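Notes for the structure review
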Amino acid sequence: DIKVQIAGAFFVAPDGRVSQVAFPPDEPQSSILVFKDDGSCHSKIKLDTHFSFQPYQLAVLPSGAMLISGLRWSARDKGYLPYVGLFSASGSILKEVDLRDESSLEEPADGNAPEGAVQDKSKPDPSVTRGAMQLAADGNVYLMRNGPAAEIYVVSQGGVVVRRFAVDPGD
């Protein structure tokens, strides 16, 4: 009985559950649908944000919390801005992950920050929409921003950027 206009990114947990971003046709906010390994719907988690949010990448942590990357609408900037948030298992925001706040890293990030990251703010940022996210065996989430040299952010389960590196494909 769940109505879905568009389905997006998905994440497969070790226990076989599949979580998928879903955009309902009659609600302004997106949801995360969680399916059991037999394909039946286990739950629907409405993302509780005070702003319009379009999720593009999703990782579900062992605690049930979710790291979600996407675009948020900014009325002030009249456009879409990159956003990464740590959400509770019930869909509320626990923490905004600031990819610019890397004071413990050797060099600061320089291109995936909310301010100035989108050239044409009226269109979705392809570094976000074409990015990827993966929960790794080390317990961290690896978030890739697409670009000429892919920027990889290593984010702890607590929502802290612990490392950043670029992958330059060369010629």
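Residues numbered from 1 in each chain as written. Predicted model: local features only at pLDDT ≥ 70, side-chain atom pairs only at ≥ 80, totals over all residues. Heavy atoms only, no water.

**Focus: the environment of aspartate 125**
To keep it simple, the criterion reads: Think of it this way: any DSSP run of H or I at least four residues long counts as a helix, any run of E at least two long counts as a strand, and we number them from the N terminus. Identification of polar contacts relies on pairs of N or O atoms within 3.5 Å, with a donor-acceptor requirement for protein atoms, meaning one able to donate a hydrogen and the other able to accept it, and with residues adjacent in sequence counted only if both atoms are side-chain atoms.
Topologically, aspartate 125 is positioned in the loop between β8 (93-96) and α1 (126-129). In sequence terms aspartate 125 and tyrosine 80 are 45 residues apart; their C-alpha atoms lie 7.5 Å from each other. A polar contact is formed between the side chain of aspartate 125 and the backbone nitrogen of serine 127, at a distance of 2.9 Å.

**What about the sheet that holds strand β7 (residues 79-87)?**
Just so we agree on the cut-off: Here, strands pair whenever DSSP counts at least two bridges between them. Fitting a line to C-alpha atoms yields each axis, with helices limited to the stretch in contact; the angle taken between N-to-C directions then spans 0 to 180 degrees.
The strand order across the open sheet built from 4 strands is β5-β6-β7-β8, with neighbouring strands paired in antiparallel fashion. Edge strands, defined here as strands with exactly one partner in the open sheet, are β5 (53-60) and β8. Averaged over all neighbouring strand pairs, the angle between strand axes comes to 30°, with direction disregarded. Here 3 bridges tie β7 to β8, and the two strands are oriented antiparallel to one another. By the bridge assignment, glycine 85 is partnered in β8 with glutamate 96.

**Focus on the nonpolar core**
Defined as follows: We define a nonpolar core as any set of buried Ala, Val, Leu, Ile, Met, Phe, Trp, Tyr and Cys residues linked to one another through side-chain atoms lying within 4.5 Å. Throughout this description, buried means an accessible area under 20% of the type-specific maximum (1.4 Å probe, protein chains only), exposed means over 50%, and partly exposed covers the range between. Residue contacts are defined here by distance: any two heavy atoms, one from each residue, within 4.5 Å place the two residues in contact.
Counting 30 residues, the largest nonpolar core has Ile32, Leu58, Met66, Leu67 and Ile68 as the members making the most contacts within it. For this core, the elements supplying multiple residues, two or more each, are β3 (31-35), β5, β6 (66-74), β7, β9 (132-135), β10 (141-145) and β11 (150-155). Not counting residues up to four positions away in its chain, the partners in contact with isoleucine 68 are Ile32, Leu47, Phe53, Pro55, Gln57, Leu58, Tyr83, Val84, Gly85, Phe87 and Met133.

**Description of the pairing of β11**
Counting buried residues in β11 gives 6 out of 6 residues, a clear majority hidden from the surface. Of the two faces of β11, the one lined by Ala150, Ile152 and Val154 and the one lined by Glu151, Tyr153 and Val155 are each fully buried. Note that β10 and β11 share 5 bridges and pair antiparallel. Looking across to β11, one finds that methionine 144 is bridged to isoleucine 152. Linking two consecutive strands that pair antiparallel, namely β10 and β11, is a turn of 4 residues. Taken together, the 6 bridges between β11 and strand β12 (residues 161-167) define a ladder with antiparallel strand orientation. Paired with glutamate 151 across the bridge in β12 is alanine 166. With antiparallel pairing between neighbouring strands as the criterion, β11 and β12 make up a hairpin whose turn holds 5 residues, including glycine 159 at a positive phi of roughly 85°.

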